[in-house]
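# Working through the structure, step by step
For reference, the chains in residue letters:
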Amino acid sequence: MVRTLDARTSLGSNGTTPLNINLPANTPTLVGILGLNIINPGLLIRTQFNGTYRISVANLSSIPSAVRFEIYRGSTNTGSPIYVVQNPIFPTVGSIIASFEGSDYNVPAPHQDN
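Residues numbered from 1 in each chain as written. Predicted model: local features only at pLDDT ≥ 70, side-chain atom pairs only at ≥ 80, totals over all residues. Heavy atoms only, no water.

## Some thoughts on the pairing of strand β4 (residues 95-104)
The cut-off we apply is this: Any residue under 20% of the maximum accessible area for its type is buried, any over 50% is exposed, and the rest in between are partly exposed; the area is computed with a 1.4 Å probe on protein chains only. Only DSSP runs of H or I reaching four residues or more are called helices, and only runs of E reaching two or more are called strands; each is numbered from the N terminus. The rule for pairing is simple: two strands pair if DSSP sees at least two bridges between them.
Residues Ile96, Ala98, Phe100, Gly102 and Asp104 point to one face of β4 and are all buried, whereas Ser95, Ile97, Ser99, Glu101 and Ser103, pointing to the other face, are not buried. Bridge analysis of strand β1 (residues 47-56) against β4 gives ten bridges, and the strand direction is antiparallel. Along β4, the bridge assignment pairs Phe49 with Gly102.

Now the structure itself:
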């Protein structure tokens, strides 16, 4: 039986006001953090995530051949990513739009402050 512990939605932009983050070449750039809010989760936790992103070529400091997104456990980009997606960039196209979906198994319970 599945027990849903937490569901979160994060919207970096409503489509009218873009997030507008400069993306320098070959430099990891944090674009968001979304955490779990759970109490007494049990022994095994599985997370599922999905998202859509749109990148304007104008936000890139130079035109690379691809843009790469990595999703990590925790709030830093240390360790191994749990999900990686990479899309090619075509300078003649004004923006890239792509969706992703993934999951992570055996996630440790977040630290609860008392």
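That covers the picture; the talk isn't over yet.
## Quick word on the packing of aromatic side chains
Test applied: Stacked, edge-to-face and tilted labels apply to pairs of Phe, Tyr and Trp rings (six-membered ring for Trp) whose centres lie within 6.5 Å, assigned for plane angles under 30 degrees, over 60, and everything in between, in that order.
Under the counting rule described, the total for this entry stands at four aromatic pairs. Their ring planes at 85 degrees and their centres at 5.6 Å tell us that Phe49 and Tyr83 sit as a pair that is edge-to-face. Linking Phe49 in strand β1 with Tyr83 in strand β3 (residues 83-88), this pair joins segments that are 34 residues apart in sequence. Here Phe49 falls in the buried class, since its relative accessible area comes to 17%. With centroids separated by 6.4 Å and ring planes inclined at 40 degrees, the aromatic side chains of Tyr53 and Phe100 adopt a geometry described as tilted. Note that Tyr53 is positioned in strand β1 and Phe100 in strand β4, a separation of 47 residues in sequence. Tyr53 gets classed as buried once you look at its relative accessible area, which sits at 8%. By relative accessible area, which is 18% here, Phe100 ends up buried.

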